[in-house]
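Close look at the chain arrangement
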Amino acid sequence: MKNNPTNSLQDQINKKNNELIIAGLPLAHIEKLVGSTPFYVYDKQKINDKISNLKTLLPKEITLHYAIKANPFPSLVHFMSTVVNGFDVASKKEMLLAMQSGMKKEHICYAGPGKTHDDLQAAIIAGVTLHVESTTEIESAIKLGKALNLKPNIAIRVNPVFELKASGMKMSGGAKPFGIDEELVENILTDLNYQEINFRGFHIFSGSQNLNAQAIIDCHNNLFALAAKLIKITPVSIDYINIGGGFGIPYFNNDSPLDLNPIIQNLEFLIKEYKQAFNNIEIIMELGRYLVGEAGIYVSKVVDKKQSRGTTYLVCDGGLHHHLANSGNFGQVIRKNYPVSIEKKKPDPTTNKETVTIVGPLCTPLDILADKLTLPKASIGDYVVVHQSGAYGASASPKDFLSQPDVYEIFI
Ligand SMILES: Cc1ncc(COP(=O)(O)O)c(C=O)c1O
């Protein structure tokens, strides 16, 4: 379904003539709090609302985990530990952050390929659950557990034969570095010595940034069938099945928000259908971007305005080094503009607009904040705000590229 262009995210922002308030404060006040532009602001209330709304919609059998990789800002992660049931971590550093946030170790799951002995050992000592991605990881975890005299908590991340169609990033189906191929799992389950480990369950994460409800439904149908099969052939009882997530948020014109209703209805159906197979087994949904992406903005300031052969450039103090995804260099094939707004430093009653290309301070043509957007006329000193920036922002950007100043972050 395509959006009416007049209802695009971009237009929705531009229609608000009044001051942008985020986390209850005007931008100028936030700038004074953090010190200077550029900065990210993450709005606690918005995240809280998003999560409580999702929790009321999800079937009660489903528990919610937050994937820290989406936004690992420590105070945000601490807050998340009070509103979700568990964390997905993808490195030892994220694991330590999760532990220190107060999340119980039973609810921390450590996934991701290439875990070193140091990573595995730390996870075993911490008592979190390793989502193993290969047979090597299983063997190493067992060996290290014996040496430490501790039983590793292990769940198998499965790479199913099916994929999550229409995803921004597909992470299952075909050859993948993630998880153990579905067809190899049966033998592993037969060979495992369940005395040496605490076997917890299965993790099936199929993709990210999906706005297509039918694709998610199809994936869930396949996933529940596979999970039931795995449960049946596992000789011990398990604690959970992690069904992944993949829920996306709209970034670009013509993106429509994900319609959760059919997905939830289908989940309710699947939970009933597989009630016996899933008896006493927790069903975990693991989301990152969907929970935090819309609650963050990236704010920079216009430091120069210049013309070049018919193009008006706004040059800002922030760019690609803080917000790689917005520059189009984090997985986009053709660059599209995130929703961007100009926030005037001084109130401006005029409604004059102009078409501008907004760039950052890096000496590379890749450093684009917005390309050929028609926005309220901006002056040096005005703010340029990139919306939908709460996920895969600061931590997913090459902050040291060209040695520009760091970005500030605030969670309020
Ligand atoms: C294993 C795993 N879990 C969770 C996520 C989070 O995905 P998203 O932020 O799209 O919800 C990812 C993203 O790559 C992932 O690889």
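In this text, all values refer to a predicted model and were calculated from it rather than measured experimentally.

Here we take up the site of the ligand. If you check the shell around the ligand, you find 14 residues, and the closest are Ser 208, Glu 286, Gly 288, Arg 289 and Tyr 392. Take Ser 208: an N or O atom from its side chain is 2.5 Å from an oxygen atom of the ligand. Between the ligand and Tyr 392, the relevant distance is 2.6 Å, taken from an oxygen atom to a side-chain nitrogen or oxygen of the residue. Coverage of the ligand by the protein chains reaches 94% of its 400 Å² of free accessible surface. Taken together, the residues that form the shell around the ligand break down as five nonpolar, four polar and five charged.

Attention now moves to the side chain of Thr 312. If you trace the backbone, Thr 312 turns up in strand E16 (residues 311-316). The exposure class assigned to Thr 312 is buried, which follows from its relative accessible area of 9%. A distance of 3.1 Å separates a polar atom in the side chain of Thr 312 from a polar atom in the side chain of Gln 307. Here Thr 312 is in contact with Lys 305, Lys 306, Gln 307, Glu 354, Thr 355, Val 356 and Thr 357, once residues within four sequence places are set aside.

Our next topic: helix H8 (residues 182-191). For H8, every residue scored as buried is listed here: Glu 182, Val 185, Ile 188 and Leu 189. An end-on view of H8 places all buried positions within 100° of arc, on one side of the element. Across from the buried face of H8, at angles greater than 90 degrees, the exposed residues are Glu 183, Asn 187, Thr 190 and Asp 191. Residues of H8 that are buried in the fold lie against helix H7 (135-148), strand E8 (153-159), strand E10 (180-181), strand E11 (198-203) and helix H9 (213-233).

A full pass over the atoms with the stated rule returns 15 aromatic pairs. Measuring from ring centre to ring centre gives 4.8 Å for Tyr 40 and Tyr 298, while their planes differ by 40°; the resulting arrangement is tilted. Placement of Tyr 40 in strand E3 (residues 39-42) and of Tyr 298 in strand E15 (residues 296-308) is noted, with a sequence separation of 258 residues between them. As far as burial versus exposure is concerned, Tyr 40 and Tyr 298 are alike and both buried. Taken together, the aromatic side chains of Tyr 40, Tyr 42, Phe 73 and Tyr 298 make up a single cluster linked through ring pairs.

What counts as what
- Residues numbered from 1 in each chain as written.
- Predicted model: local features only at pLDDT ≥ 70, side-chain atom pairs only at ≥ 80, totals over all residues.
- Heavy atoms only, no water.
- Near = heavy atom within 4 Å.
- Polar contact = N/O pair within 3.5 Å; in protein donor to acceptor, adjacent residues only side chain to side chain.
- Areas by Shrake-Rupley, 256 points an atom, 1.4 Å probe, with all protein chains shown as cover.
- Nonpolar A, V, L, I, M, F, W, Y, C, P; charged D, E, K, R; others polar.
- Helix = DSSP H or I, 4+ residues; strand = E, 2+ residues; numbered from the N terminus.
- Buried < 20%, exposed > 50% of the residue type's maximum accessible area, 1.4 Å probe, protein only.
- Contact = heavy atoms within 4.5 Å.
- Arc of directions from axis to C-beta.
- Phe/Tyr/Trp six-rings, centres within 6.5 Å; stacked < 30°, edge-to-face > 60°.

Purely geometric stuff here, so don't read any function into it on its own.
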